[in-house]
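Observations on the model geometry
The chain contents come next:
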Amino acid sequence: MSILLKKFAQTSAKTIILRSNDSQQFLIYSRKLSLVPSLYDGEKDPAPKFFSPDIQALLKRLSRPDLAKVFRKRTSSGLPVLRTPKYKFLTTEELEIEVQQPIHDVLSQDPALIGYDTSKYIFTDISFGVDNEHRIIVERQPDGTLQSCDHDIRKRLNQVYFPIKGRKIREPSMFTDDEKFNSLLDRDQYEFVLDRACIQYEPDEPSSTRHFGPLVFYLTWHQSIDSLMLDLLQFGAVREAVLLIATRQAIHRDISNGDLAQKLAKQKYITANSAMKSQQELALQGFREDYQQLVELSRGLKIAHGKEELADAKNILEESQLWLEMKIGDIDKKLQHCIDQMW
Amino acid sequence: MPLPPASGTGRYFAKAAKSIRLVRHGCTNRPFFHISVTHRKRTTTQPVIEQLGSFDPMPNAFNEKLVALNLERLKYWLGKGAHVTPPVGELLGLSGFFPIHPRSYMTAWRNRQAEELAQQKEAEKASATAS
């Protein structure tokens, strides 16, 4: 009898678990979470759009650095002391990063060396004080050709002779194996993935990522910016919301009167193009209320200071906001550079 | 045991003749060489004056043999009149730093000849079995 009871208990527990699983699945579907990644495999090539200066500028302005997060405490991962970031003035040419072009530089060809060896010889100049980009690395092919090495070999040999902490000579399987990559994403290890990508790849490599900009581009390219828009509006980042619409207009040209995006056309975007209208309208409403409160607060302050020119108060508030935004824009570049230096 | 510093631990005599040579540092069945400058009359087991590079004669997973050369210090010692042994001369020749060593051409030519001979023999064998 007791055995029977036990069995019953086991089976019922199983059904409960199964049921709970079912309900979870149902929940997931009801939230429209799609685990199937969209890929850049359509007939159109995203590269020209992504690297066009307009869109790059938009993406850069869209990735608002959270100062609390940038300067937060984090473990130094075995490093004895974190160096303080250096600030330098750079020209625009120095600041711009171009994507690597393949190296084709034949130094000499000697057919008399055919048959000398079946394997390649790679020569690395390990002289003191030469940086990784300018180090001489050449290869002698089995057919007697002496030529400069391509980027992948250069990177590997630089890592062999001058290792960078945390970078692997072979590409980590989490980037090459889709299964491992997806399992990391399932466990919400986004920060780990992004940090590791920053260490593993050079900024001018095609696989490199600088976190937020490419994400925005990805979402815009696949026309799924609604959640991001909602997030921006809920945080009150209206400037960024407008920029996002401008990005979409620049990529797809599918927003009616999208040229007005610079003139705060988000209301029209939400009524005409969004798939999450109600939430976004709510968020916008909330933002308006916040803004109204801010304006009234500043008014109250002005009155308290003895000035009753209400229009002026609003103007000053807007000016101060503009000034702040400009400051943030300036700091963006410096921050990005300093973050690169730190990692 | 920690490796000696690349600046070397051997005693240095300014007027003694120097030699840039390969010094074997691998273990059994696993050769690995340092390219070092030392006195000509010293053996390869004695401490060197300075290490100038390394050479791994066993191809890696990508079928590459890796050679590291500190060209700056190499130029310095060449300027001091150091003698270069043939194996190092061959490596420097392949790297494009020196003209190609005659022995490299000899090796290449002999390898090609051996390959041709082997091919001829195979062809003869094939014709013999066919007939």
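Notes on the structure follow. (Residues numbered from 1 in each chain as written. Chains lettered and ligands numbered in written order. Predicted model: local features only at pLDDT ≥ 70, side-chain atom pairs only at ≥ 80, totals over all residues. Heavy atoms only, no water.)

Attention now goes to the interface of chain B and chain A. With 30 residues of chain B at the contact, the number on the chain A side is 27 residues. Buried area between chain B and chain A, summed over both chains or domains, comes out near 2,400 Å², and the portion from carbon and sulfur atoms is 56%. Of all residues in chain B, B:Glu64, B:Lys65 and B:Leu94 bury the most surface against chain A, accounting for 25% of the area lost on that side. Our count for the chain B to chain A interface comes out at three salt bridges. The shortest N-O distance in the salt bridge between A:Arg156 and B:Glu64 comes to 3.0 Å. A breakdown of the residues in the side of chain B that touches chain A according to their chemical character gives 14 nonpolar, 11 polar and five charged. Alignment of strand S2 (residues 120-125) of chain A against strand S4 (residues 64-69) of chain B, held across six bridges, turns out to be parallel. Paired with A:Phe123 across the two strands is B:Val67, which belongs to S4(B). (Contact = heavy atoms within 4.5 Å. Buried area = accessible area lost by both parts, 1.4 Å probe. Salt bridge = Lys/Arg side-chain N within 4 Å of Asp/Glu carboxyl O. Nonpolar A, V, L, I, M, F, W, Y, C, P; charged D, E, K, R; others polar. Pairing = 2+ DSSP bridges. Helix = DSSP H or I, 4+ residues; strand = E, 2+ residues; numbered from the N terminus.)

A separate point is the sheet that holds strand S1 (residues 18-24) of chain B. Across the sheet, nine strands lie side by side as S1(A)-S4(A)-S3(A)-S2(A)-S4(B)-S3(B)-S2(B)-S1(B)-S5(B); this open sheet has mixed pairing. What marks the edges here is a single partner per strand, and that holds for strand S1 (106-109) of chain A together with strand S5 (83-84) of chain B. Each of S2 and strand S3 (137-140) of chain A together with strand S3 (50-55) and S4 of chain B touches helix H6 (residues 151-161) of chain A; the most contacted strand, S4(B), lies at about 60° to it. On the sheet, helix H1 (residues 71-79) of chain B packs against S2 of chain A together with S1, strand S2 (33-39), S3, S4 and S5 of chain B and is oriented at approximately 125° with respect to S3(B). (Axes fitted to C-alpha atoms, helices over the stretch in contact; angles between N-to-C directions.)

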